[in-house]
Amino acid sequence: MRSTPPRAALRRVTGGFAAAGLLAACALALNAPAQAAAPEFTLGGPAETALHPYPATGAPQKATLGFTVDNPSLDPENGTFADEYTVRFDLSGIAGIADASFSKEGSADCRITGTTAVCTDWGVFAGLSTFADLELTAAKGSKDGDAGTIEVTAEAQGITFRPFSAHVGIGGPDLSMKRLPFRTKLQPGDSQPVPVTFTNNGTRAAEGVLLTLRYTRGMAFTERYENCEYSESDLGMGSPGAWTTALCSFDGSYEPGATYTLVEPPTIKATPHAFYDSFLYRVNEDGSAARAAERAGARYSSGKGATLTLRKAPSPRSADLEPGDNQQDVDFQTANSADFAAYGARAEGAAGATVEATVGFRNRGPAWIGYIRSGEDVATVDLTVPAGATVVGKPDSCRGVTADGDYRENQKAAPRYFCSTPMSVREDADFALPFKLKIDKVVAGASGKVTVRNTHLAAPGLPFDPEPANNTASLVLNAKDSGAASGGTGSTTGGTTSGGPAATGGAGDGSTGGGSASGGSAGSTGSSSAGTTGGDGGEGDTGGDLASTGSTALMTGGAAVVALVAGGVLYTAARRRRATR
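Residues numbered from 1 in each chain as written. Predicted model: local features only at pLDDT ≥ 70, side-chain atom pairs only at ≥ 80, totals over all residues. Heavy atoms only, no water.

Student: Just give me the short version of unusual backbone geometry, but keep the residues and values in it.
Tutor: Following Gly365, the chain continues to Pro366 via a peptide bond in cis, the omega torsion being 5°. The residue Pro366 is located in strand β28 (residues 354-366) in this model. Of note, the phi angle at Ala413 is positive, near 55°, even though the residue is not glycine. Summarising the element assignment, Ala413 is placed in the loop between β32 (398-401) and β33 (416-420). Residue Ala413 is classed as partly exposed on the basis of its relative accessible area, which comes to 44%. Positive phi outside glycine occurs at Asn478, with the angle close to 50°. (Helix = DSSP H or I, 4+ residues; strand = E, 2+ residues; numbered from the N terminus. Buried < 20%, exposed > 50% of the residue type's maximum accessible area, 1.4 Å probe, protein only.)

Student: Before we move on, can you summarise the confidence of the model for the chain with the specific residues and values?
Tutor: Mean pLDDT over the chain stands at 76; residues scoring 70 or higher make up 70%. Mean pLDDT across the secondary structure elements of the chain bottoms out at strand β39 (residues 569-574), with 31, and peaks at strand β26 (residues 338-343), with 97. Long-range and interchain partners of residues 305-316, a stretch whose pLDDT sits below 50, account for 18 contacts in this model, where long-range means more than four residues apart. (pLDDT = per-residue confidence, 0-100. Contact = heavy atoms within 4.5 Å.)

Student: Lay out the sheet that holds strand β36 (residues 446-453) in plain terms, naming residues and giving numbers.
Tutor: The six strands lie next to each other as β27-β37-β36-β30-β33-β32, forming an open sheet whose pairing is mixed. Single-partner strands in this sheet number two, and they are β27 (345-347) and β32. Within the sheet, the average angular offset between the axes of one strand and its neighbour, ignoring direction, is 20°. Two elements, β32 and β33, share four bridges in a ladder whose sense is antiparallel. Within β33, the position partnered with Arg399 by the bridge is Phe418. (Pairing = 2+ DSSP bridges. Axes fitted to C-alpha atoms, helices over the stretch in contact; angles between N-to-C directions.)

Student: Quick rundown of the pattern of salt bridges? Include the residues and the values.
Tutor: Using the criterion set out here, one finds twelve salt bridges in the structure. Arg217 serves as the salt-bridge partner of Glu427, at 2.9 Å between the closest nitrogen and oxygen. Taken together, the positions of Glu427 in the loop between β34 (424-425) and β35 (430-439) and Arg217 in the loop between β17 (206-216) and β18 (219-221) put the pair 210 residues apart, joining distant regions of the chain. Across the pair Asp428 and Arg426 runs a salt bridge whose closest N-O atoms are separated by 3.0 Å. The class for Arg426 is buried, based on a relative accessible area of 14%. One network of salt bridges, in which partners are shared, links Asp329, Asp331 and Arg373. (Salt bridge = Lys/Arg side-chain N within 4 Å of Asp/Glu carboxyl O.)

Student: Hey, could you go over the packing of aromatic side chains for me, with residue numbers and the actual values?
Tutor: Under the criterion given, the structure shown has 24 aromatic pairs. With a centroid separation of 5.1 Å and 75° between ring planes, the pair formed by Phe67 and Phe89 is classed as edge-to-face. Taken together, the positions of Phe67 in strand β4 (residues 63-71) and Phe89 in strand β5 (residues 81-90) put the pair 22 residues apart, joining distant regions of the chain. One exposure class covers both Phe67 and Phe89, and it is buried. Ring centres 5.3 Å apart and planes at 25° place the aromatic pair Phe279 and Tyr281 in the stacked group. Pair check on accessibility: Phe279 and Tyr281 agree, each one buried. Grouping aromatic residues by their ring pairs yields a cluster made of Phe41, Phe67, Phe81, Tyr85, Phe89, Phe102, Phe131, Phe161 and Phe164. (Phe/Tyr/Trp six-rings, centres within 6.5 Å; stacked < 30°, edge-to-face > 60°.)

Student: Please provide a residue-by-residue account of the environment of Gln328, values included.
Tutor: When you line up the elements, Gln328 lands in strand β25 (residues 327-334). With relative accessibility at 18%, the residue Gln328 sits in the buried group. Linking Gln328 and Val283, residues 45 residues apart in sequence, is a C-alpha distance of 9.4 Å. Leaving out residues up to four positions away in the same chain, Gln328 has contacts with Met177, Lys178, Arg179, Phe279, Leu280 and Tyr281. At 3.0 Å, the side chain of Gln328 forms a polar contact with the side chain of Arg179. (Polar contact = N/O pair within 3.5 Å; in protein donor to acceptor, adjacent residues only side chain to side chain.)

Student: Could you give me a rundown of the nonpolar core, with the residues and numbers involved?
Tutor: Phe340, Ile369, Phe435, Leu437 and Phe464 are the most contacted members of the largest nonpolar core, which has 38 residues in total. The element contributing the most residues to this core is β35, with five residues. Residues within four places of Leu437 in sequence aside, it is in contact with Ala353, Thr354, Val355, Ala357, Val385, Pro386, Ala389, Thr390, Val391, Val392 and Leu475. Of all hydrophobic cores here, the second largest spans 36 residues; its members include Leu43, Val87, Val152 and Ala156. (Core = buried A, V, L, I, M, F, W, Y, C linked by side-chain atoms within 4.5 Å.)

Student: So, the state of the cysteines: which residues are in play, and what are the values?
Tutor: Applying the stated rule across the entire model yields three disulfides. A sulfur-sulfur separation of 2.1 Å characterises the disulfide bridge that pairs Cys110 with Cys119. Torsion about the S-S bond of the Cys110 and Cys119 cystine: about 115°, corresponding to right-handed handedness. By relative accessible area, Cys119 is classed as buried at 1%. (Disulfide = S-S within 2.5 Å.)

Take a look at the structure:
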């Protein structure tokens, strides 16, 4: 069993830090005022750890505690503490209760002498990092219920450290969630019961339990319960409300060796938006620590009626002996589709003028699309620049390529742009991409193509989209039927028309108009004033008003995370961007 804190991915400081030439000239670069108080770092780790009792035969089971130090600097380049520091562990509180040793891999230079351990290391990055892994087993002669505390302190020149205490106990509850036999191939509207069942395999009772039900946008429970609180959040998927979490509390004592199930199981249903979806179900002993970990800073609202409250536990609490089996999850695939309709724009301007044009696509539904496990982009918007124009401002999610779609080092004046979507697109999303184009030469009716396609250029079809005819639209400059615009440089009147809202953001700053491009949030919405550049045939959706639901902010980043968070991070799938070709 490995205990790790539910925080960001931990970065280790190694001896290669100095060899890489990153040694700062000063011992500390935190940009603090000359007379400011010494910076304070915070020591941390698992606040509570339960060990399996010493066995009658065989070797005792080991638990690994990762101890951390938090450098509060927000500057990853200049906020590194570049000097030696020393950490001391007072192990006297667990003498006769647990035996300690340090992991041979990844720990700082650590030594144990009697009931004291000392670790020395060099350098602390800005943010959270792990400096040592302490391995614990129950000591021979220890008994179920024995408990003690490890006190951790540290020192370094010019730095103060906030100490940390780690509580260690022998035995405790061990809540194990039973995996349920769900049907995973569904039709919209299909429902099935969720008879959550768990067993306490530990040595002591759990005093109250907290049930976590977390599900993606395409699934929903048919009822909300009075002893549950609910929250909707992004959890790294790039779409508001991608996940719903229900935290349900149950009073009572749940005895070791006993199995418990819900008397009337709730029902989960595939909504009209279902496509690829996940459902996670987890059980913990209830308490403030478990509740805080499950909430993860999100806002929750109560279900119908009064929210149940916890009574005082009649017996001491202990950490879970095997937290790895508290949780199960399942993926659903619903027979459904989503219609991604591209839209283009028209703009007018004289030679030398800069015009604005917002292109993109709308999801006409009915399904939302989320690549939950892989974290890959849902689609790519492929823009060919009209003749006689140069792109001088683009969203951060777009990169210039050659006319054939090959890699291009120079991002200026590219003839073509590939724009990435997030790993999820809601059923009502408007993915708007504001561009600024300089008209180098007036070419009457110059037209560029806007296509929403698969991320692989060689296989452009969207597997979930049954209407490929509207995946393409046009970006037209100085349409032949409207005449060239007059005036000097600067945005032309009505520079952005067509399907997307008028762009108000600057070049490359990630801000968008009424819709949302990756890298920014929705801004103020402009109005469209011109006609379309094509019909509903092969040219796709290039005109009309915004969908009645409004535009939806879709956020992306350099590395998106699939976050099925339950008392910490269940798993983290680093978002690997495909080569968008």
